[in-house]
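The primary structure of each chain is shown beneath.
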Amino acid sequence: MQSSYNRPLELVGPIEAVRIPGSPDSYTVILFHGYGANAYDLSPLSAYLDLPDGTNWIFPNGILEIPVMPGYNGRAWFPIDMEALQKAMMVGGYRDFSDRYPAGLESAREKAVEMIRSLGVSMDKVILGGFSQGAMLATDIALHSEIAPAGLAILSGTLISETDWKRLAEKKKDYKFFQSHGRMDPVLGYSAAKKLEQLFNGAGWKGEMIAFQGGHEIPEVVLKGMNLYLRNITG
């Protein structure tokens, strides 16, 4: 198989992405990267995760270009107030999004939904997931979708717009989700992730967050848990 790093970005609907095609009748896994990364960040998971041959993979590239360091720009799905985030981290806190819907997220969701529609596959054959900001986007897509996606993997995400997400979650009883979060995450606090897990379970969803001793990352224990979750969906 060609390395995901050697694959050029291609246009999938309105969004560029690393695309690893499989069988038309197999599941499609779409993983959204975090703030400041790009489409190649999560693409090695297509080789690491033990999913059936023929699984389709899409790793979208963030719709915004943002400066990460001198001479290097990353991608993002919606803007983040970096000054507020840094101030919160300096005092041992974190940004709480539970009372707001981030500006730019709706636009990102609309473009992502358009990308999914362009694939010509039913949402119940699509597994959504993402890391950090990408997890927020994947969760928002899943909640707003009339047809629930086959799966949802929330890696170091957080709770946003609590009232709206609770109302939408209650429309999808018995939905099975996967979630992970580091207990010492300095970017998106563990307590908000726990609150998200409780909101989903309170709405009748089925899932349990893997909590690990670490920060804003995807350790092996999460990859193993995610692999089991995805295998249970894809067979």
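Our structure's up above, just so we're on the same page.
Residues numbered from 1 in each chain as written. Predicted model: local features only at pLDDT ≥ 70, side-chain atom pairs only at ≥ 80, totals over all residues. Heavy atoms only, no water.

Draft legend 1. Structural detail: the overall build of the protein chain. Counting its secondary structure elements, the protein chain contains seven helices and ten strands. For the protein chain, the C-alpha radius of gyration of 17 Å lies close to 18 Å, the compact-globule estimate for 235 residues. For the protein chain, the spread of C-alpha atoms along the three principal axes comes to 50 × 45 × 30 Å. For the protein chain, with 235 residues in total, the buried portion stands at 52%. Within the protein chain, counting contacts between residues at least 6 apart in sequence, those at least 24 apart form 74% of the total. Here the protein chain contributes 22 positively and 26 negatively charged side chains, and the mean placements of these two sets differ by 4 Å. (Helix = DSSP H or I, 4+ residues; strand = E, 2+ residues; numbered from the N terminus. Rg over C-alpha atoms; globule rule 2.2 N^0.38 Å. Buried < 20%, exposed > 50% of the residue type's maximum accessible area, 1.4 Å probe, protein only. Contact = heavy atoms within 4.5 Å. Lys, Arg positive; Asp, Glu negative; His and termini not counted. Charge placed at Lys NZ, Arg CZ, Asp CG, Glu CD.)

Draft legend 2. Representation of the sheet that holds strand β8 (residues 151-155) within the structure. With respect to topology, eight strands assemble into an open sheet ordered β1-β2-β4-β3-β7-β8-β9-β10, the strand pairing being mixed. In this open sheet, the two strands that pair with only one neighbour each are β1 (10-12) and β10 (209-212). Along the sheet, successive strands turn relative to each other by an average axial angle of 25°, direction set aside. Each of β3 (28-32), β7 (126-131), β8, β9 (178-182) and β10 touches helix α7 (residues 220-234); the most contacted strand, β8, lies at about 175° to it. (Pairing = 2+ DSSP bridges. Axes fitted to C-alpha atoms, helices over the stretch in contact; angles between N-to-C directions.)

Draft legend 3. Spatial organisation of the pattern of salt bridges. Tallied over the entire structure, the rule returns nine salt bridges. Between Arg231 and Asp50 there is a salt bridge; the shortest N-O distance is 3.8 Å. Linking Arg231 in helix α7 with Asp50 in the loop between α1 (45-48) and β4 (56-60), this pair joins segments that are 181 residues apart in sequence. Residue classification places Asp50 among the partly exposed residues on the basis of a relative accessible area of 49%. Taking the shortest distance from any N to any O, the salt bridge between Glu197 and Lys194 comes out at 2.8 Å. Placement of the pair is Glu197 and Lys194 together in helix α6 (residues 190-202), with a separation of three residues, close to one helical turn. Here Lys194 falls in the partly exposed class, since its relative accessible area comes to 30%. (Salt bridge = Lys/Arg side-chain N within 4 Å of Asp/Glu carboxyl O.)

Draft legend 4. Broad picture of the packing of helix α3 (residues 105-119) against helix α4 (residues 133-144). Here α3 crosses α4 at 70°, and the two axes come no closer than 10 Å. By the angle class used here, α3 and α4 are roughly perpendicular. Here α3 runs over α4; the crossing is right-handed. The residues of α4 that touch α3, namely those facing Leu105, Ala108, Arg109, Ala112, Val113 and Ile116, are Leu137, Asp140, Ile141 and His144. (Parallel < 35°, antiparallel > 145°, perpendicular 65-115°, else oblique. Left-handed = near helix turned anticlockwise from the far one by under 90°.)

Draft legend 5. Highlighting the nonpolar core. By size, the foremost hydrophobic cluster in this structure holds 41 residues, and its most contacted members are Ile30, Phe32, Leu128, Phe200 and Trp205. Contributions of two or more residues to this core are made by β2 (15-20), β3, α3, β7, α4, β8, α5 (162-169) and α6. It is α4 that contributes the most residues to this core, seven residues altogether. Those residues in contact with Leu128 that lie beyond four places of it in its chain are Ile30, Phe32, Ile116, Ala138, Ile141, Ala142, Pro149, Gly151, Leu152 and Ala153. Leu42, Leu49, Leu51 and Trp57 belong to the second largest nonpolar core, which has 25 residues in total. (Core = buried A, V, L, I, M, F, W, Y, C linked by side-chain atoms within 4.5 Å.)

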